[in-house]
Amino acid sequence: MKCTILHDLPGRLRVHLCCGRMSLSQADVLEYYLLAVDGVRSVKVYDRTQDAVVVYGGKRENVISSLARFSFVEAEAMELVPEHTSRALNREFEDKLAVAVMRRCISKLFLPAPITTALALLRSVKYIREGLSALWHGKLSVAVLDATAVTVSMARGDFATAGSVMFMLHLGEILEEWTHKKSVADLASAMSLRVDSVWQQVNGAEVLTKITDVKPGDRIVIRTGGMIPLDGRVVEGEAMVNQSSLTGESMPVAKHPGSPVYAGTVAEEGECVISVEKSSGSGRYDRVVHMIEESEKLKSTAEDKASRMADRLVPYTLGGTALTAVYMSERYPDHLADKLVPYTLAGSAVTYLLTRNVTKMLSVLMVDFSCALKLAIPIAVLSAMRESSGYHISVKGGRFLEAVAKADTIVFDKTGTLTYATPTVAAVIPFGGHDEAEMLRLAACLEEHYPHSMANAVVAEAKRHGLTHEEYHSQVQYVVAHGISSMVEGKKVIIGSAHFVFEDEGCRIPEGEQAKFDTLPAAYSHLYLCIDGELAAVICIHDPLRREAREAVRALHESGFTNVVMMTGDNRRTAEAVAAEVGVDAVYAEVLPEDKAAFIRQEKAKGHTVIMVGDGVNDSPALSEADAGIAISTGAAIAREIADITVSSEDLFALVTLRRLSQALMERIHGSYRFIVGFNLTLIALGVAGVLPPATSALLHNGSTLGISLRNMTDLLDDEENPPK
């Protein structure tokens, strides 16, 4: 496309596209196209002027050539733009603000007094109705303050003041709605499904298919622990589905043939085949937005406290205004004249004695704590949740950030958390005369259906050896925290932990091979493969410790955690070796999922705030039990679904960043409390002293609310100290 370079500075270009009028969607296409160019750091597209500002760190030629090749049609086909962006939202509220200001200017400059009076009366109906409604329901909320201020001004015949007050209230409403909706939209955009492929049923067989290739009408298979990535309807099988992320239901819901299922939910138990109705997870964004706005998970204790405090302060504001009136009338009786008029607020017992100093009372009424407390604090939480996504941390609610900030105990699972999420197969030791390659092939055939790090290691090893594994087994059954069971050629085949195969299933070691079994290398974790009740092979898994694990644990100690615990189902020797190397305070080995959950319950009963970090299906009970459950993003879908926070598995220092971000959030919330209360008390004092008229009080109050809200939308951490990974 033809472009004109308007400004050219090192690392920065401003260009004008010769394309005529540019729509909002086209501006998004251009922005995300340029962001995909190698070396481009940021892009700002101005649709009204058809300009784009590009900040880059690579070669200038790359940007220029990309602009020269750009075409709206071709760029749209690349599907770079996410389902929702904030451009349309921003434009909507920019237009609302512009229209409000233009109407005010026209009214003040060109309309005669009778018309402005009529308009003021008409606009006051909304505020008076809302105030009366609040009183009717027994609430002394901010609506009562607004209605009182408007009503008193109108009763005094001061329509100019009433108009100014309502104009400022209207601007405040627009800005509050804008900042809240934008924060929610930014957060919802960050909460992606992270599902790349699914098992598609084709002609009776299962084929691993990219999620983008699945179309409505296709059938996909979902098994225990798997996330449902697309909206659809169950056509075969039954499953218990966890829908808490969308509906808030605490218990899983039974799904039978004919039942609808939704993208983003997880099968906790069972197996089913789904007929896809909506491709690419359509509708997920809107449901996430609804979840964010409605779920009680969003509200932290600090937010609840802010909301309660705001409403509790309203009666004191009203009472303070009445006392001010009485005080002024007694202190300055000459100013009473004959304008003492009783005003009753919908049966309220408080009667205000109004004097010619009523302007001072209006100034007080125009200042309340509700707007700032109810807007600024939630905005701070939403902004922190958005910021966390920049560090590859997804947080489902403000209360979990608060829990992380004050937690003193953190519990780690070993595999996939303190160790890498991509363990490798070190050796396959056959038993009972079985062939090593065939045992690896069989193990991979069973393990490929379940998203666990050890299962992935087995599948990867078979692929590395070129071992194809057709689906020659019958239905697979996954036993949580134990292993997998199936039938192959009429024989029962199981693979899993020693507890599962030897204790639960009663499998035996082939005769004459006990010595071989006793000398299995202790440095590795083991998967036991049994056929028809007899050990057929042991797969040795090398699970290397994360290189940053020790330093990350030390940093967690320094950040205030007094008890760092490791709990694993692995054998004791391996667990203790890892614990000693990492530097945890306590280690528990050979534990079951219920043991982890029980430990967390015990610690909470002692008064500790506990965080659990895990990645597997077997960690789900403990993740649910903790004050804040943290899942590793590459782990099982059910763990990510149940967990309150999901972090990238690339670096354990993400946990340290999460801790610092949570603590910084709480400091910001407390600072906001102090500023809001102090500033508004100052406005009230100045109003009582007659220094500030009502319109100025409204301006300063709403301006401070907007200012603290905008400040609370800024990042909490310094990117130079905590660069996004």
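See above for the structure.
Residues numbered from 1 in each chain as written. Predicted model: local features only at pLDDT ≥ 70, side-chain atom pairs only at ≥ 80, totals over all residues. Heavy atoms only, no water.

Is there a simple way to think about the environment of Leu-699 in this case?
By the element assignment, Leu-699 lies in helix H25 (residues 694-712). Take Leu-699: its relative accessible area is 46%, and that puts it in the partly exposed class. Between the alpha carbons of Leu-699 and Phe-167 there is a distance of 9.7 Å; along the sequence they are 532 residues apart. (Helix = DSSP H or I, 4+ residues; strand = E, 2+ residues; numbered from the N terminus. Buried < 20%, exposed > 50% of the residue type's maximum accessible area, 1.4 Å probe, protein only.)

What am I meant to see in the sheet that holds strand E26 (residues 628-632) here?
Sheets are built from strands paired through backbone hydrogen bonds, the pairs being either parallel or antiparallel. On the basis of which strands lie adjacent, the open sheet formed by 7 strands has the order E15-E27-E26-E25-E16-E23-E24 and mixed pairing. Of all the strands in the sheet, just strand E15 (393-395) and strand E24 (586-588) have a single pairing partner and so form its edges. For this sheet, the mean angle separating the axes of adjacent strands, direction not counted, is 20 degrees. Pairing geometry for strand E23 (residues 563-567) and E24, over 3 bridges, is parallel. What sits directly across from Met-567, in E24, is Tyr-588. (Pairing = 2+ DSSP bridges. Axes fitted to C-alpha atoms, helices over the stretch in contact; angles between N-to-C directions.)

Sorry, what's going on with the environment of Asp-28 here?
Position of Asp-28 among the secondary structure elements: in helix H1 (residues 24-35). With 48 residues separating them along the chain, Asp-28 and Glu-76 place their C-alpha atoms 9.6 Å apart. Once residues within four sequence positions are removed from consideration, Asp-28 is found in contact with Val-81, Thr-85 and Arg-87. (Contact = heavy atoms within 4.5 Å.)

Help me understand unusual backbone geometry, please; the structure alone is not making it clear to me.
Excluding glycine, most residues fall at negative phi; most peptide bonds, likewise, are trans. Positioned with a positive phi, Gln-50 is a non-glycine residue whose angle comes to about 60 degrees. When you line up the elements, Gln-50 lands in the loop between strand E3 (40-46) and strand E4 (51-56). Positive phi values are uncommon outside glycine, yet Asp-532 reaches one of about 55 degrees. For Asp-532, the position within the fold is in the loop between strand E21 (525-531) and strand E22 (534-542). Its relative accessible area of 47% is what places Asp-532 among the partly exposed residues.

Looking at this structure, how should I read the packing of aromatic side chains?
A complete count under the given rule lists 8 aromatic pairs for this structure. Aromatic side chains Tyr-33 and Phe-70 sit 5.0 Å apart centroid to centroid with 55 degrees between the ring planes, which places their arrangement in the tilted category. Of this pair, Tyr-33 sits in helix H1 while Phe-70 sits in the loop between helix H2 (60-69) and helix H3 (72-77); the two residues are 37 residues apart in sequence, bridging distant segments of the chain. For Tyr-33, a relative accessible area of 10% corresponds to the buried category. (Phe/Tyr/Trp six-rings, centres within 6.5 Å; stacked < 30°, edge-to-face > 60°.)

Which parts of the structure should I look at to understand the pattern of salt bridges?
A side chain of one charge can pair with a side chain of the opposite charge if their charged atoms are brought near each other. One pass over the full model with this rule turns up 22 salt bridges. Linking Asp-51 and Arg-14 is a salt bridge whose minimum nitrogen-to-oxygen distance equals 3.3 Å. Pair noted here: Asp-51 is in strand E4 and Arg-14 is in strand E2 (residues 12-17), with a separation of 37 residues, a long-range link. Per residue, the accessibility class of Asp-51 equals that of Arg-14, and both read buried. In this structure, the salt-bridge partner of Arg-91 is Asp-47, at a minimum N-O distance of 2.7 Å. With Arg-91 in helix H4 (residues 87-110) and Asp-47 in the loop between E3 and E4, the pair connects residues that are 44 residues apart, well separated along the chain. The buried category is assigned to Arg-91, whose relative accessible area is 16%. Through salt bridges with shared partners, one network takes in Asp-28, Glu-31 and Arg-87. (Salt bridge = Lys/Arg side-chain N within 4 Å of Asp/Glu carboxyl O.)

Explanation requested: the side chain of Thr-568 in the structure shown.
Considering the arrangement of structural elements, one finds Thr-568 in the loop between E23 and helix H20 (572-582). Among residues more than four places away in sequence, those in contact with Thr-568 are Asp-413, Lys-414, Ala-575, Tyr-588, Ala-589, Glu-590, Val-591 and Lys-596.

I tried to follow the state of the cysteines on my own but got confused; where do I start?
The bond known as a disulfide is covalent and runs between the sulfur atoms of two cysteines. Following the criterion strictly, the structure yields 0 disulfides and no others. Of all cysteine sulfurs, the one in Cys-3 lies closest to Cys-18, which takes part in no disulfide; the gap is 6.7 Å. Since its relative accessible area comes to 39%, Cys-18 is described here as partly exposed. (Disulfide = S-S within 2.5 Å.)

How do you make sense of a nonpolar patch on the surface when you look at a structure like this?
A contiguous nonpolar surface patch, about 510 Å² in accessible area, is contributed by Ile-106, Leu-109, Phe-110, Leu-111 and Ile-115. Per-element accounting of the nonpolar patch gives the leading share, 3 residues, to H4. (Patch = residues over 30% accessible without salt bridge, like charges linked within 9 Å, V, L, I, M, F, W, Y side chains within 5 Å. Areas by Shrake-Rupley, 256 points an atom, 1.4 Å probe, with all protein chains shown as cover.)

So what exactly am I meant to see when it comes to the nonpolar core here?
Generally speaking, a soluble globular protein has its nonpolar side chains buried in company with each other. Grouped together as the largest cluster of nonpolar side chains are 51 residues, with contacts concentrated most on Ile-611 and Ile-645. Element by element, the count of residues in this core is highest for helix H24 (residues 653-688), at 10 residues. Here Ile-645 is in contact with Ile-393, Ser-394, Val-395, Phe-400, Val-404, Gly-629, Ile-630, Ala-631 and Leu-658, once residues within four sequence places are set aside. Leu-440, Met-454, Val-488 and Ile-531 belong to the second largest nonpolar core, which has 24 residues in total. (Core = buried A, V, L, I, M, F, W, Y, C linked by side-chain atoms within 4.5 Å.)

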